[in-house]
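Now for the letters of each chain:
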Amino acid sequence: MANKEALRELQNRLAERMKAVRTELPGVSWLAVECAGQGLLFPLRQAGEIFEAQGLLPVPHTRPWVMGVANLRGGLYTVVDLGAFLGIRVARQGELPESLRLVAFNATLGLNCAMQVDRLEGLRHAADLQREPDDEVTRPTFAGGRWKDAAGRVWQELALSEL
């Protein structure tokens, strides 16, 4: 008898939790990176795997922000210097620092592209950030909202699908 009551109680708790989950709004999360001193947020649904920046082969006659191509898990990816692409630093030349990381686009976007960033800063969640008021500055379509964390650092959201 006690087992039946315990099972019924468990079923009731699960049913209540499932009902609560259906009514909750999904949380927004980002991969936070630093590029040329700027804090950037990539939507987790659009960001793919993270790789070390090694084995890059240069491609002649390309834009200065194209660092080259790399074999990432058996696929050929174009590697873009995100800071140079955004115009917040001069394109890197020569040897790369060891700390650089590549963030590939999620496979669902259908692009074999990875962006070189200076440093990974972890995950950020909308619940932990405060949205900055919109200023009257015109931004490109890939630049989403600006967010501020508890330490006062401002983060710029980038829609990778729009890049």
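Structural data are supplied above this passage.
About the thresholds
Residues numbered from 1 in each chain as written. Predicted model: local features only at pLDDT ≥ 70, side-chain atom pairs only at ≥ 80, totals over all residues. Heavy atoms only, no water. Helix = DSSP H or I, 4+ residues; strand = E, 2+ residues; numbered from the N terminus. Buried < 20%, exposed > 50% of the residue type's maximum accessible area, 1.4 Å probe, protein only. Contact = heavy atoms within 4.5 Å. Areas by Shrake-Rupley, 256 points an atom, 1.4 Å probe, with all protein chains shown as cover. Phe/Tyr/Trp six-rings, centres within 6.5 Å; stacked < 30°, edge-to-face > 60°. Core = buried A, V, L, I, M, F, W, Y, C linked by side-chain atoms within 4.5 Å. Pairing = 2+ DSSP bridges. Axes fitted to C-alpha atoms, helices over the stretch in contact; angles between N-to-C directions.

Some remarks on the overall build of the chain
Then, number 1: Check the secondary structure of the chain and you find two helices and eleven strands.
Then, number 2: Secondary structure elements in the chain, listed N-terminal to C-terminal, are α-β-β-β-β-β-α-β-β-β-β-β-β.
Then, number 3: Counting over 163 residues, the chain shows a buried share of 34%.
Then, number 4: Of the contacts formed within the chain by residues at least 6 apart in sequence, a portion of 54% connects residues at least 24 apart.
Then, number 5: Surface accessibility of the chain: about 10800 Å² in total, with carbon and sulfur atoms responsible for 52%.

Quick word on the packing of aromatic side chains
Then, number 1: Under the defined criterion, the tally for this structure stands at three aromatic pairs.
Then, number 2: Ring centres of W65 and F85 lie 4.9 Å apart, and the angle between their planes is 80°; on these two criteria the pair is classed as edge-to-face. Of this pair, W65 sits in the loop between strand 3 (47-52) and strand 4 (66-72) while F85 sits in helix 2 (residues 82-86), and the two are 20 residues apart along the sequence.
Then, number 3: Judged by relative accessible area, F85 falls into the partly exposed class, the value being 30%.
Then, number 4: Between F85 and F142 the ring centres are 6.5 Å apart and the planes differ by 45°, which places this aromatic pair in the tilted class.

Some remarks on the nonpolar core
Then, number 1: With 16 residues, the main nonpolar core has V33, L40, F42, L82 and V103 as its most contacted residues.
Then, number 2: Those elements that provide at least two residues to this core are strand 1 (29-35), strand 2 (38-43), strand 6 (101-105) and strand 7 (113-117).
Then, number 3: Ignoring any residue separated from it by four or fewer positions in sequence, one finds F42 in contact with S29, W30, L31, V33, A47, L82, V103, M115, V117, L158 and L160.

Quick look at the sheet that holds strand 2
Then, number 1: Taken in spatial order, the six strands line up as 8-1-2-11-10-9 in an open sheet, and their pairing is mixed. Edge strands, defined here as strands with exactly one partner in the open sheet, are strand 8 (119-125) and strand 9 (130-131).
Then, number 2: Bridge count for strand 1 against strand 2 is six bridges, and the pairing is antiparallel. Bridged to E34 within strand 2 is G39.

With respect to the sheet that holds strand 4
Then, number 1: Here we have five strands laid out as an open sheet, ordered 3-6-7-5-4, and mixed in their pairing. Edge positions in the sheet fall to strand 3 and strand 4, since each of these pairs with one other strand and no more. For this sheet the average axis-to-axis angle between neighbouring strands, irrespective of direction, equals 30°.
Then, number 2: Where strand 3 lies against strand 6, four bridges are found, and the strand directions are antiparallel. Bridge pairing links F51 to L102 in strand 6.

A short note on the environment of T141
Then, number 1: Among the structural elements, T141 can be located in the loop between strand 9 and strand 10 (143-148).
Then, number 2: The exposure class assigned to T141 is exposed, which follows from its relative accessible area of 66%.
Then, number 3: As a C-alpha pair, T141 and E162 span 21 residues in sequence and 6.7 Å in three-dimensional space.

Some thoughts on unusual backbone geometry
Then, number 1: Look at A36: it is not a glycine, yet its phi comes out positive at around 55°.
Then, number 2: Among the secondary structure elements, A36 is positioned in the loop between strand 1 and strand 2.
Then, number 3: Judged by its relative accessible area of 27%, A36 falls in the partly exposed class.

Topic: the pairing of strand 4
For a regular strand, the rule is simple: side chains alternate between the two faces of the sheet.
Then, number 1: Among the seven residues in strand 4, six count as buried, and that is most of the element.
Then, number 2: Bridge count for strand 4 against strand 5 (residues 75-81) is six bridges, and the pairing is antiparallel. Counted as the bridge partner of V66 is V80 from strand 5.
Then, number 3: Linking strand 4 back to strand 5 in an antiparallel pair, the connection comprises two residues, with R73 at a positive phi of about 55°.

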